[in-house]
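The lines below spell out each chain.
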Amino acid sequence: MCVPLLVPAVYAWIMRRPQTSDEEAAQLTQPSWAEQLSKTKEMNVKRRQYAIVGAVVFAIFLVCYMGYQPQTAAPVISRPSPEARSNPAAIAAQVAAELPVETDSKGYTREERFLKGSELQASDAFVAKTLAAEVKDILVVEYTPTNVDVTQPDILLLHGAAFSSKTWEQINTCQTLATLGYKVTAVDLPGFGRSEGKVPSSLRAGFLEAVVQTLGLSRLVMVSPSMSGSFSLPWLLTGPAALVGFVPVTPVGVNSITPEQWQEVKVPTMIVYGGLDPNGKSRATILEQIPGSTVELFEDGHHPCYIDDPARFNRILAQFANNCR
């Protein structure tokens, strides 16, 4: 590699100005030149020092640059056979393998569109009128498998306040589940990501119901991290028939729900939280009041623990959704 040749080049560049040798200095006997000779000799020494320092710094930079290895995105897994999809253990093994998939054989299509508030199909007239006035555009990102398995539920991905639908694409959740045959829908909630508008707290259950109805999601597993709990939990308590699985990830709002209300929840629930999340354990304990719920702890995970270990999160989500047929 020719890059190391730059080291002597840098040295030559610094030393390119004419220098005065010791013999030439000795020949200058005029007293008026004495001070100038001394300064010239000092400059020659300093130039050599600067050249050496510059060469060392450049060499250190070169070593660091050559040793740097850029991080690559987590690969998407290949789609398993129908027999494997009926076996949770096989799905876990397939996802864990993280086999790369070529662009022309990924097995799904991606589409994004915007829904107007006036397009949302709310059953309540007041909710419909409010959403039409307050909600401008809702970004919807849909991943549809080439061969949809009608026995599997759809996946609806919500997000926390610091994130958006893009987060699920960045950690390959959408791609992984679509490769496994699930139709995946990720939305930007009003006022977040690329969506515009706002929804009053009292109407957030109605908003979510309207989104589900408009998108035609008749059987779905919903993933709800953090802030999105202000939408998902009120809707959960209405007992929606379309909801066949619930995956809360330290959602807000759990403290406002009574033990009696939790006991009324009949939806299979997988509680996920990070061990390094200050609110993780307390919220998970409250959520465990849901009958039959299970818990997945990411011991080294933070509040958005799915980002700390996306491969594991995608794997357990695929397993859970498979059990919600």
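Now for a description of the structure that goes with this document. (Residues numbered from 1 in each chain as written. Predicted model: local features only at pLDDT ≥ 70, side-chain atom pairs only at ≥ 80, totals over all residues. Heavy atoms only, no water.)

With that settled, consider the pattern of salt bridges. A complete count under the given rule lists six salt bridges for this structure. Across the pair Arg110 and Glu112 runs a salt bridge whose closest N-O atoms are separated by 3.0 Å. Here Glu112 falls in the partly exposed class, since its relative accessible area comes to 32%. Among the charged side chains, a network of salt bridges with common partners joins Arg110, Glu112, Glu169 and Arg194. (Salt bridge = Lys/Arg side-chain N within 4 Å of Asp/Glu carboxyl O. Buried < 20%, exposed > 50% of the residue type's maximum accessible area, 1.4 Å probe, protein only.)

A grouping of Glu299, Asp300, Asp308 and Asp309 is seen on the molecular surface, where their side chains present a negatively charged patch. Residue placement: Asp309 occurs in the loop between α13 (305-308) and α14 (310-322). Owing to a relative accessible area of 32%, Asp309 belongs among the partly exposed residues under this scheme. (Patch = residues over 30% accessible without salt bridge, like charges linked within 9 Å, V, L, I, M, F, W, Y side chains within 5 Å. Areas by Shrake-Rupley, 256 points an atom, 1.4 Å probe, with all protein chains shown as cover. Lys, Arg positive; Asp, Glu negative; His and termini not counted. Charge placed at Lys NZ, Arg CZ, Asp CG, Glu CD. Helix = DSSP H or I, 4+ residues; strand = E, 2+ residues; numbered from the N terminus.)

Positioned with a positive phi, Asn172 is a non-glycine residue whose angle comes to about 65°. Tracing the backbone shows Asn172 in the loop between α7 (165-170) and α8 (173-179). Judged by relative accessible area, Asn172 falls into the buried class, the value being 8%. Unusually for a residue other than glycine, Thr250 sits at a positive phi of about 45°. Structurally, Thr250 can be placed in the loop between β7 (243-249) and α11 (259-263). According to the relative accessible area criterion, Thr250 is buried, its value standing at 2%.

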